[in-house]
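Topology and contacts: notes
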Amino acid sequence: MASIRLAAVASALTLLLAACGGDNTRPTAPVANAPVAPVKIGVALGGGAAKGFAHIGVIKMLEANGFEPVVISGTSAGSVVGALYASGMNAFEMQEKAVALDQAEIRDVRLFSGGVIQGQKLQDYINGLLGNRNLQQMRKPLAVVATQLETGERTVFTRGNTGQAVRASSSIPGVFEPVSISGKTYVDGGVVSPVPVDAARQLGAEVVIAVDISSRASGQRPDGLLGTINQSIAIMGQRLGEQELARAEVIIRPNVLDIGAADFAQRGRAIVEGEKAAQAAMPQIRAAVARVRAQKQQAANSAARAQLSQQQQARQACLEARSRVDKLRGNEAMCASSQ
């Protein structure tokens, strides 16, 4: 009977050894740096009417220095540039579109509504450039931020008609007609999110580069109705915008505050100022990316070490089981010879 019991135990331990696999006595190589995915860079492009051409210069310098954004969020003018970039255009292609842009292509004034711009031309212009692709069909994830007029809440569009979302995000109150989408009314996203840092984070950005071109109270009266309205909106959202900007890793502020809201003639200078500001921010961008990469590496190495520890524990259990099997087999042989 004792021999039978020993045989049964030995058989069970033998099955355990079989589950251990092949040669589990070989030591595991020490953990080197575990592979990690590239740092996910996002840009949050703020509103600022004609100042928005500066976004093109910023993107141009990011690409030139190897920091191509993989997710984009945009408010107002930032949503226009963001939509073009997310569609697959590079900075030089966007610059060509900007230089060729005629204001008449995007401005449809309602003569019997106090000169308010309808916005349909802007919607059609964007959709035409994008081949009528919806937001979810962009080559890079895109978030367009607008303000729901009924509640004052921030709305982030990531699906649906791209041109319509851009139109809603760009509908400056008093200048553009509010936009109706699915029974709700929307106006300029700058009212609640002048620079949409949080929207870029929601898309998965690990490093958010915020581009702030919003107007600030400078002690001088802005030119024209559009300039007055644009600065008023910026002042209203300034405190809220500062809180959101604080959640970005890098903030770029091109020197475009003196460019009028409707001064499209300054588009070339705005692009250059965007390039200059982005180039000046490169040390900060490199540091932010390196910091996040180091954090990802540390987390990956910790996970690899934990896995190695589990493997070592399993190997030790297999070695102990093998020792017990050898011992039991020896006892079983002794019992058989004594019978």
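Our structure is the block above this text.
Cut-offs and rules
- Residues numbered from 1 in each chain as written.
- Predicted model: local features only at pLDDT ≥ 70, side-chain atom pairs only at ≥ 80, totals over all residues.
- Heavy atoms only, no water.
- Helix = DSSP H or I, 4+ residues; strand = E, 2+ residues; numbered from the N terminus.
- Buried < 20%, exposed > 50% of the residue type's maximum accessible area, 1.4 Å probe, protein only.
- Areas by Shrake-Rupley, 256 points an atom, 1.4 Å probe, with all protein chains shown as cover.
- Pairing = 2+ DSSP bridges.
- Polar contact = N/O pair within 3.5 Å; in protein donor to acceptor, adjacent residues only side chain to side chain.
- Contact = heavy atoms within 4.5 Å.
- Core = buried A, V, L, I, M, F, W, Y, C linked by side-chain atoms within 4.5 Å.

Check the secondary structure of the protein and you find ten helices and eight strands. Classification of the 339 residues of the protein by burial places 47% in the buried group. Accessible surface, the protein as shown: approximately 16700 Å² in total, 53% of it carbon and sulfur.

Okay, the pairing of strand β4 (residues 154-157) next. Only one face of β4 is buried, namely the one carrying T155 and F157, since none of R154 and V156 on the opposite face is buried. Strand direction decides the pairing type here: strand β3 (residues 142-148) and β4, joined by four bridges, are antiparallel. Across the sheet, V144 pairs through a bridge with F157, a residue of β4. Hairpin connection, β3 to β4: the antiparallel pair is bridged by five residues, and G152 has positive phi, about 80°.

On to the side chain of S170, then. Structurally, S170 is set in the loop between α6 (162-169) and β5 (179-181). Within polar-contact distance, the side chain of S170 engages the backbone oxygen of V166 at 2.9 Å. Excluding anything up to four places from it in sequence, S170 contacts S76, A77, S79, V80, L122, F176 and D188.

As a further point, take the nonpolar core. The biggest cluster of nonpolar side chains holds 60 residues, and the ones touching the most others in it are I209, I252 and I285. By residue number, the principal contributor to this core is helix α2 (residues 54-64), which donates six residues. When sequence neighbours within four positions are dropped, the list of residues in contact with I285 reads L62, F67, I209, V250, I252 and A278.

Quick look at unusual backbone geometry now. Even without being a glycine, A49 presents a positive backbone phi close to 55°. Take A49: it is sitting in the loop between β1 (41-45) and α2. One non-glycine residue with positive phi stands out, namely S182, at about 50°. Mapped onto the secondary structure, S182 falls in the loop between β5 and β6 (184-188). We classify S182 as exposed; its relative accessible area is 76%.

Functional significance is not addressed by these values, which are geometric in nature.
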